[in-house]
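Take a look at the letters that make up each chain.
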Amino acid sequence: MTNPTLQLDFNLSTAEQIGGGGLQRADLEALAPVVAQAHQALTQGRREGRIAFMDLPGQTAAIDEAVALGRELGAQFENLVVLGIGGSSLGPKALYKALKHPFVSLLPASQRGGARLFFPDNSDPSTFAGLLEVLDLKRTAFAAITKSGGTAETWAQLLHVSSQLDATARQKQIVAVTDPKVGALRAVATKEGWRTLPVPPAVGGRFSVLTPVGLLPAAAAGIDVAALLKGAANMAKRCEATTLFENPAYMLASVLHWFHTQHARPIHVLMPYVDALRETGDWFVQLWGESLGKKKGREHVGPTPVRAVGATDQHSLLQLLMEGPQDKVVVFVTAETPREELTIPHGFSDQPDVAYLGGHRFSKLLNTEQYATSVALAANGRPSITIRLQKLDAFAMGELMMLWEVATAFSGPLYGINPYDQPGVEAGKRYTCGLLGRPGYEGAKAELEARPALKRDWLL
Ligand code: PA5
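Residues numbered from 1 in each chain as written. Predicted model: local features only at pLDDT ≥ 70, side-chain atom pairs only at ≥ 80, totals over all residues. Heavy atoms only, no water.

Draft legend 1. Local environment of the environment of F362. By the secondary structure assignment, F362 is in helix α16 (residues 362-379). Accessibility expressed as a relative area gives 45% for F362, which makes it partly exposed. Sequence spacing of F362 and P423 is 61 residues, and the spatial spacing of their C-alpha atoms is 45 Å. If we ignore the near neighbours within four places in the chain, the residues touching F362 are E341, L342, T343 and I344. (Helix = DSSP H or I, 4+ residues; strand = E, 2+ residues; numbered from the N terminus. Buried < 20%, exposed > 50% of the residue type's maximum accessible area, 1.4 Å probe, protein only. Contact = heavy atoms within 4.5 Å.)

Draft legend 2. Up close: the site of the ligand. Around the ligand lies a shell of 13 residues, among which S88, S148, T151, Q286 and E290 are the nearest. Residue K147 places a main-chain N or O atom 2.8 Å away from an oxygen atom belonging to the ligand. One of the side-chain N or O atoms of E290 is found 2.6 Å from an oxygen atom in the ligand. Isolated, the ligand exposes 380 Å² of accessible area, and the fraction of that covered by the protein chains is 86%. Of the residues contributing to the shell around the ligand, the split by class is 1 nonpolar, 9 polar and 3 charged. (Near = heavy atom within 4 Å. Polar contact = N/O pair within 3.5 Å; in protein donor to acceptor, adjacent residues only side chain to side chain. Areas by Shrake-Rupley, 256 points an atom, 1.4 Å probe, with all protein chains shown as cover. Nonpolar A, V, L, I, M, F, W, Y, C, P; charged D, E, K, R; others polar.)

Draft legend 3. Examining the sheet that holds strand β11 (residues 328-337) more closely. If you trace the 5 strands from one edge of the open sheet to the other, you get β1-β12-β11-β7-β10, paired in mixed fashion. Single-partner strands in this sheet number two, and they are β1 (6-9) and β10 (304-307). Sheet twist, expressed as the mean angle between neighbouring strand axes with direction ignored, is 20°. In this structure, strand β7 (residues 267-272) lies alongside β11, joined through 6 bridges in parallel fashion. (Pairing = 2+ DSSP bridges. Axes fitted to C-alpha atoms, helices over the stretch in contact; angles between N-to-C directions.)

Draft legend 4. Representation of the pairing of strand β4 (residues 140-146). Here β4 lies mainly inside the structure; 7 of its 7 residues are buried. The alternating pattern of β4 places T140, F142, A144 and T146 and A141, A143 and I145 on opposite faces, both of which are buried. Inspection of the sheet shows strand β2 (residues 79-83) paired to β4 by 5 bridges, in the parallel sense. Note on β4: the bridge partner recorded for V81 is F142. Pairing geometry for β4 and strand β5 (residues 174-178), over 5 bridges, is parallel. What sits directly across from F142, in β5, is I174.

Dropping the structure here:
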């Protein structure tokens, strides 16, 4: 195993650091039976092939196919638009934003190292029309990504794009990433002769970043996919350990679950002090929220994920984190060495509010702010965990994403729910289909019509 570059620090969650509401070793030792049970559920799922996301880094044939096609698109086209939503967009977007130049689209083509990626994601016509207005269609490829093959938002965009291209251009410019056998996209792609890549059925949408869902766009953009997978494999190996103090994902999940259930802290704030991880925060929100927010018999369980960015949110959310309700745990992420460094110049030395900054590195300011904030929270009795990356590179992203995926899978049994389904999102989809006249959804429309009429009194 290559040396890990990611370290978790739980110090500022302990009673020694934050006082009465903090964690003690005995609290974790008491979790041994539930940890063993959750470990058993995860390993059995893997053995039976039901839970496949941890094994993705070893699937070389599928990886090679996705990377080859991604590189081909990256070499042929200036732009790649990802048509997808939820797990079919958030993972590749997180990778792109974390690992490419922050303003890659503004760089000259020769310095971009691959295609520019765009993630319209939503079916907001202003965004999609606006994007197509500024892209040269002939120099643009489209990755239609939908595991189920039938997602309305994705199809609305794909239908629009298809209508702008003739059959030959569609074959050249559209690639379908979807279930290997079933679904509307698979059927259309086969009929139309589009190139396709499979999403493995045993990998859920929000766990699919290391399948062609994430790898095709990453390779097209010139991201070091081999290093990404190496980092993920490394973390998957670390997460095979059975004991909490050896297994970073089990420890992360268990500590967050303990604060939720023992100290009524159900809000989990992911707060990287790295701008490039902003979209990783969005990816985390989907992974954590959609996997763990579930109905359990008569109960409703699950933590509430929140995404913040430091130091930006020190000037926004931090007041609430520091003095608001005692219902949160903050998980910081830091990068010791930034990809680019700047030193703050000396200047205006007659101004004490300014003079002390001169000579410090920007990264020193940022990381000192993170440390100071975490200690200030601790001094106020508020727990935090810090995930430290040596540097935000492809290897570290692989480690970070695999860490959260295993922590999510492990949290399922801790909460006593299935983390891989999302029954709660179906009701709204049914109503939408009913209202838009999809055959088979007449019942959903009738249900809506039977609801109490909306009253004029409540319109202002
Ligand atoms: O995690 C999930 O399964 C969902 O959030 C999906 O990713 C999302 O609904 C998109 O589904 P699909 O990839 O089938 O279009």
